[in-house]
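Coordinate analysis (summary)
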Amino acid sequence: MSEFVLSDEHEALRVALRRFTDEQIAPNAAEVDELGEYPRRSFEAYRDSGFIRLPYPVEHGGDGGDLIAYALLVEEVARACASSSLFVLISRLACAPILAHGSPDLVARIVPKVAAGEWQGSYCLSEAQAGSDVGSMRTRAVRDGDDYVLNGTKMWITNAGISDFYTVFARTGDDGPSGISAFVVERDRPGLSIGKLETKMGVRGSPTGEVVLQDCAIPAENLIGDEGAAFGYAMGALDGSRPMVGAQAVGIAQGALDAAAVYATERMQFGSRIADFQGIQFLLADMATRLEAARLLVYRACAMADAGAEGMSKAAAMAKMFASDTAMAVTTDAVQVLGGAGYTRDFPLERMMRDAKVTQIYEGTNQVQRIVIARRLLDEYTRS
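The notes below deal with the structure included here. (Residues numbered from 1 in each chain as written. Predicted model: local features only at pLDDT ≥ 70, side-chain atom pairs only at ≥ 80, totals over all residues. Heavy atoms only, no water.)

Topic: the overall build of the chain
Using the following cut-off: Numbering of helices and strands starts at the N terminus; helices are DSSP runs of H or I of at least 4 residues and strands are runs of E of at least 2. We compute the radius of gyration from the C-alpha atoms alone; for a globule the expected value is 2.2 Å times N to the 0.38, where N is the number of residues. When a residue's accessible area, from a 1.4 Å probe over protein chains only, is under 20% of the maximum for its type it is buried; when over 50% it is exposed; and in between it is partly exposed. Contacts: residue pairs with any heavy atoms within 4.5 Å of one another. Only the protein chains shown count as cover for residues, and the accessible areas themselves come from Shrake-Rupley with a 1.4 Å probe. Working convention for charge: Lys and Arg count positive, Asp and Glu count negative, and His plus the chain ends are omitted. Lys charges are placed at NZ, Arg charges at CZ, Asp charges at CG and Glu charges at CD.
Helix and strand content of the chain: 10 helices and 10 strands. Its C-alpha radius of gyration of 21 Å places the chain within 12% of the 21 Å reference for a compact globule of 384 residues. Each principal axis of the C-alpha distribution contributes one length, and for the chain these read about 80 × 55 × 40 Å. The buried share of the chain, taken over its 384 residues, is 53%. Contacts in the chain between residues at least 24 apart in sequence constitute 73% of all its contacts with a sequence separation of at least 6. Put simply, the chain shows about 16400 Å² of open surface, and 52% of that area lies on carbon and sulfur atoms. Here the chain contributes 37 positively and 51 negatively charged side chains, and the mean placements of these two sets differ by 4 Å.

Quick look at the structure:
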């Protein structure tokens, strides 16, 4: 890809993904939101489609797709169903520290099962007192012979109760970032349980809850990388996942724009389509322009990561921040285009508006993204 034009291969992938999501994901979206149930039929369709292999390395059973291909996957699933896009995102995020820092044995035990759709994973970083302030986490892992014993409670965990393994960050040393390590904890380990599941405003088909660890013993070989080094692993994984949250936000916004534009061409008032009214045209034009700008920021961050370019952290934060703010703005304006109809559950826009909100919150709030951007920006000026 050049910086502004998708390759023919990526365009063909988008066409295939859109056909798949329209046929296999979108029909389940309203029901899983209404019932607040995990979209199991959608996951099974995703697994059986083969697209599940796309973001994993070939040597571990994946298709080895680049990050732009992965962003297209997330975007197109989110356009149809934001809840389903989370099972695309979260298992790959759970695998990120394992792929980057895990032993060959640990990678071989976990990643091929995820790429095949046999296992799903969760990323367990946040706690009640450790949201944006990751360094204040209290979950602790203590070495005991050939094992580590974990105690603590992780909160806001996506896929809680569904996942087959949990990538858990825990304190092995002193307070602060330097004392944090990461572990793989399989769901059948004694001492691991699922606590409260949250009742949420949006993405209601994706379970979010507590993962409780009470004297949970795991073998030392489940340590990811080096003891005490996992704060860096966590931040690196988030730098990689933030453009994907941006892609999710872009997908939600695209779904909202599609619904609003179609409605505007069909709805008649005062003898004309409302699409012929300048007020509606200006709304749609602004929505489409913001959306395209967000999409380009996401693709640029992905291209930079694929190329190993400097400045990835700032680009990832920009993509996530701008795309999620755009999703919130576009879904809000899309509801306005439909008027009273947009406020009802007869149309998908109120769901999309609720789903969009969380993209401004998780993977680092947009206030945190602004801090990251400002610090990286000022570092550049200080060096110059």
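Still more to cover.
With respect to the packing of helix H3 (residues 67-80) against helix H4 (residues 82-101)
Put simply, the rule reads: Axis lines are fitted to C-alpha atoms, over the contacting stretch for helices. Their N-to-C directions set the angle, which ranges from 0 to 180 degrees. These descriptions rest on fixed angle ranges, namely under 35 degrees for roughly parallel, over 145 for roughly antiparallel, 65 to 115 for roughly perpendicular, and the rest for oblique. Residues were grouped as follows: Ala, Val, Leu, Ile, Met, Phe, Trp, Tyr, Cys and Pro as nonpolar; Asp, Glu, Lys and Arg as charged; and all remaining residues, including Gly, as polar.
Two numbers describe how H3 lies on H4: the axes approach to 6 Å, and their chain directions differ by 150°. In terms of axis orientation, H3 runs roughly antiparallel to H4. Between H3, through Tyr70, Leu73, Val74, Val77, Ala78 and Ala80, and H4, the contact on the second element is made entirely by Ala82, Ser84, Ser85, Val88, Leu89 and Arg92. Classifying every residue of the contact of H3 with H4 gives 9 nonpolar, 2 polar and 1 charged.

Focus: unusual backbone geometry
A positive phi angle is found at Trp156, which is not glycine, with a value near 60°. Within the element layout of this structure, Trp156 appears in strand S3 (residues 147-158). The phi angle at Asn159 is positive, at roughly 75°, despite the residue not being glycine.

Re the environment of Val184
Topologically, Val184 is positioned in strand S5 (residues 180-186). Leave out the neighbours within four places in its chain, and Val184 touches Ile98, Leu106, Ile110, Phe165, Tyr166, Ile218, Asn222 and Ile224.

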